[in-house]
Amino acid sequence: MSIFKQLHAVRVAQASSREARHELAVPAQALLSRGQHYPLTTVGVAAGAGFVLGQLNVHPLRVPGLGALLSGTVAEVVAQAARLIAEFTQGGFDPS
């Protein structure tokens, strides 16, 4: 592969990365602002998740490969969930 093809591939990857970062910025900001509006709920959810993981004796350092999973796949799932939550809250989702 020539250097020009490699440079082009790098530029395409950088543009894709910028686009993905921009797509996640809005839902992440919405989630953060919601956490600022409801700090006790945020702390409660974090404490509840920590309690459940503690009761299950799950710790990222104890489970082989979970550290890599947390930095990869789970991060993508969390990003998608944040996007969906932000879309539902911005769109005035009414389950009734």
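Since this is a predicted model, take the numbers as computed values, not measurements.

### Re the overall build of the protein
Helix and strand content of the protein: four helices and zero strands. Overall, the protein shows an N-to-C arrangement of helices and strands of α-α-α-α.

### Some thoughts on the layout of surface pockets
Approximately 260 Å³ is the volume attributed to the largest pocket. Contributing to the lining of the largest pocket are Leu31, Arg34, Gly35, Tyr38, Thr41, Thr42, Val45, Ala46 and Ile85. For the lining of the largest pocket, the secondary structure elements donating two or more residues are helix H1 (3–37) and helix H2 (39–55). Among the elements that take part in the lining of the largest pocket, H2 stands out by supplying four residues, more than any other. Tallied by class, residues from the lining of the largest pocket come to five nonpolar, three polar and one charged.

### Side note on H1
For H1, built from 35 residues, the straight-helix expectation of 51 Å at 1.5 Å per residue is met to within 8% by its first-to-last C-alpha distance of 50 Å. Alanine 25 marks the point of greatest bend in H1, at about 30°, and the proline proline 27 comes within the next four residues.

### Brief notes about a nonpolar patch on the surface
Taken together, the side chains of Ile3, Phe4 and Leu7 define a hydrophobic patch exposed on the protein surface, amounting to about 340 Å² of accessible area. For phenylalanine 4, the position within the fold is in helix H1. Classification of phenylalanine 4 as exposed rests on a relative accessible area of 67%.

### Points about the confidence of the model for the protein
Model confidence for the protein is summarised by a mean pLDDT of 76, while 72% of its residues fall at 70 or above. Element-level pLDDT for the protein is lowest in helix H3 (residues 66–71), with a mean of 62, against a maximum mean of 86 in H1.

Conventions adopted
- Residues numbered from 1 in each chain as written.
- Predicted model: local features only at pLDDT ≥ 70, side-chain atom pairs only at ≥ 80, totals over all residues.
- Heavy atoms only, no water.
- Helix = DSSP H or I, 4+ residues; strand = E, 2+ residues; numbered from the N terminus.
- 1 Å grid on protein atoms, 1.4 Å probe; cavity = no way out; pocket = protein on both sides within 12 Å on 5 of 7 lines; lining within 4 Å.
- Points joined across faces, edges and corners; volume = space filled by probe spheres on them.
- Nonpolar A, V, L, I, M, F, W, Y, C, P; charged D, E, K, R; others polar.
- Expected span 1.5 Å × (residues − 1).
- Bend = angle between axes of the 7 residues up to and from the residue.
- Patch = residues over 30% accessible without salt bridge, like charges linked within 9 Å, V, L, I, M, F, W, Y side chains within 5 Å.
- Areas by Shrake-Rupley, 256 points an atom, 1.4 Å probe, with all protein chains shown as cover.
- Salt bridge = Lys/Arg side-chain N within 4 Å of Asp/Glu carboxyl O.
- Buried < 20%, exposed > 50% of the residue type's maximum accessible area, 1.4 Å probe, protein only.
- pLDDT = per-residue confidence, 0-100.

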